[in-house]
Amino acid sequence: MKLSKMHLRTLREVPTEAEVPSHILLLRAGMIRKLASGIYGFMPMGWRSVKKIEEIIRQEMDRAGAQEILMSAVQPAELWEESGRWSAYGPELWRIKDRNGRDFCLGPTHEEIFTDIIRNDVSSYRQLPQNLYQIQHKYRDEARPRFGLMRSREFIMKDAYSFDKDQEGLDKSYEDMYNAYDRIFTRCGLTFRPVEADTGAIGGAGSHEFTALSEIGESEIAYCENCDMAATVERAACVDAAPDADDVEMLPMEEVHTPGTKTIEEVAGFLNIDKSKTIKALLFERYDDDGNVCGYVAAFVRGDRELNMIKLVNALDIPEHAIAFADEEKMGAATGSVGGFTGPTKLHDCTMVVDSELVWLKNMCAGACKEDHHLINVNYGRDYSADIITDLKVLQEGDPCPCCGAPVKHTRGIEVGQVFKLGTKYSEPMGATYMDENMDEHPIVMGCYGIGVTRTLAAVVEQHHDDDGIIWPIAVAPYHAIVTLVKPEDEVQSRVAEEIYNALMNAGVEVLLDDREERPGVKFKDADLLGIPIRITVGKMAPEGKVEYKLRRDAEKQELTIEEAIANAIATVRRESV
């Protein structure tokens, strides 16, 4: 492709709304175009890279035995009501009505649609297992779209669904998809890590998130260098502190005056105790399907711990959108809580959720549910009880690994894919069953497997860029090589540039020819910004049969003969195009 004929508009200035490198560079390189908040279109260069990623996904999905189909993004509400997700999914579900008032949604995912296909088409164990997938636009009405393609309201996703007879079959399908994902992200040039993850709104009994390591990622990962433990912080289990010895005497509970000590730090300092001897209270209100407050929740963790909200909503068995921090005044009137001075001993009419390690710790300090007062020597069982006891803690850096006890470390990453063991979460309520060899009926056992195609594009840029622009891995680069013609008006340079351009095209190398009437500096800056992996510059050495050869990822340049440059480019593309 000749740049003089291409629709290309690069930007020199950083767009004001862009915060992270991928967003900045994809906009500056003219690869994406913002249409509205969280909604982007793809221009020629960006769309080529999207299609490269899609093709890698197709090859590996097909290799794993999956079959591609395409379903509509518009989904009838009736199917979501069957599964119970029409209300449970929350405000991110983009709901619409047709002219007859019938409810639909723009699909954020397609579990219901694929389950409906299988329940209508499959009746016998002989038809299982199956794995169907699609690559399609998805919609989630994000409250705060940000970071460009990282968290957008419209995006491209590959979603696959496996259907098996039993758990053993699901385990095999899950392993096949896990391995396919490993190959896909390796081929895309990503440094990534599969980690145990929460199942969220998709549901199911187990999940792994494939995370591209990046400091700007929204996923925080806890991992252990001493063993194989790796999980998102939301999913990572915590090791409780050692319980106080049985012979530790429970002291009489006392009320103490603690004026103005609303925070854990303030009360611990005032009483001259360690924060680990305090109980932290966090107060929430719950909402029904219509968004009305339907109850209150008080969660309690050790004072030096952080509450893990995902663990809390999982313990309550509610979606994330059905809970929020409480209006302290309203909750106080209903339950006896007092902002900054709430403890577990005097609350009423609310769900009490207590972190598991508090059960075994003795003589703790907690709020007295009375302004400017706390209680000391508070003990579980004697002084308070719980509706739910569970692990509510965030696994923090330096905490003991739940598997081997070594200190854990934290890093951040971008979720690019996730695999789920759904089990019968959708097949049972939707009646997707099969008959076994004895004509007994069983629910089909399902798995679900998603890859964010456009998010993967952004993750590649996050990991492969420098101050000058993108540095595409060859496998997903919009073009493999760019021939930069310094002086288009020079007959010799033009002839050599055309010779190289045609030779590379004939060898199957995807090549650009920058034949624009622009200053050389503009061409070089654009080549760096666009991130084309191989640059061959045809300039003043052309009469001698020489050119400048440079890989975008390297600083050094080489003077090569025309033949050497062509051969090097072809060899590099063949070696690195996987």
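Residues numbered from 1 in each chain as written. Predicted model: local features only at pLDDT ≥ 70, side-chain atom pairs only at ≥ 80, totals over all residues. Heavy atoms only, no water.

Undergrad: Please set out the pairing of strand β14 (residues 279-287) residue by residue, giving values where relevant.
TA: The sheet contact formed by β14 and strand β15 (residues 293-302) spans nine bridges and is antiparallel. Directly across from Ala 281, in β15, lies its bridge partner Phe 300. What sits between β14 and β15 in their antiparallel hairpin is a turn of five residues, with Gly 291 showing a positive phi close to 85°. (Pairing = 2+ DSSP bridges. Helix = DSSP H or I, 4+ residues; strand = E, 2+ residues; numbered from the N terminus.)

Undergrad: Would you mind going over the packing of helix α1 (residues 21-28) against helix α11 (residues 453-463) in detail, with residue names and values included?
TA: The interhelical angle for the contact between α1 and α11, taken along N-to-C directions, is 100°, at an axis separation of 8 Å. Here α1 lies roughly perpendicular to α11, going by the angle between them. On α11, the residues that touch Pro 21, Ser 22, Leu 25 and Leu 26 of α1 are Leu 457, Ala 458, Val 461 and Glu 462. Among the residues making up the contact of α1 with α11, the classes are represented as six nonpolar, one polar and one charged. (Axes fitted to C-alpha atoms, helices over the stretch in contact; angles between N-to-C directions. Parallel < 35°, antiparallel > 145°, perpendicular 65-115°, else oblique. Contact = heavy atoms within 4.5 Å. Nonpolar A, V, L, I, M, F, W, Y, C, P; charged D, E, K, R; others polar.)

Undergrad: Can you explain the packing of aromatic side chains? Please cite residues and give values.
TA: Inspection of the entire model under this criterion finds 13 aromatic pairs. With a centroid separation of 4.4 Å and 40° between ring planes, the pair formed by Phe 114 and Tyr 161 is classed as tilted. Taken together, the residues Phe 114 in helix α5 (residues 111-121) and Tyr 161 in strand β8 (residues 154-164) connect sequence positions 47 residues apart. Look at Phe 114 and you get buried, because its relative accessible area is 0%. Joined through ring pairs, the aromatic side chains of Tyr 178, Tyr 181, Phe 185, Phe 192 and Phe 210 make up one cluster. A cation over an aromatic ring shows up here: Lys 421 above the ring of Tyr 174, its NZ or CZ 4.9 Å from the ring centre. (Phe/Tyr/Trp six-rings, centres within 6.5 Å; stacked < 30°, edge-to-face > 60°. Buried < 20%, exposed > 50% of the residue type's maximum accessible area, 1.4 Å probe, protein only. Lys NZ or Arg CZ within 6 Å of the ring centre and 35° of its normal.)

Undergrad: So what's going on with the sheet that holds strand β5 (residues 94-97)? Residues and values would help.
TA: The three strands are arranged β4-β6-β5 in an open sheet whose pairing can be described as antiparallel. At either margin of the open sheet sits one strand with a lone partner, and together these are β4 (74-76) and β5. Averaged over all pairs of adjacent strands, the angle between their axes in this sheet comes to 40°, without regard to strand direction. Inspection of the sheet shows β5 paired to strand β6 (residues 103-106) by four bridges, in the antiparallel sense. Bridge pairing in β6 links Trp 94 to Leu 106.

Geometric values such as these leave the question of function open.
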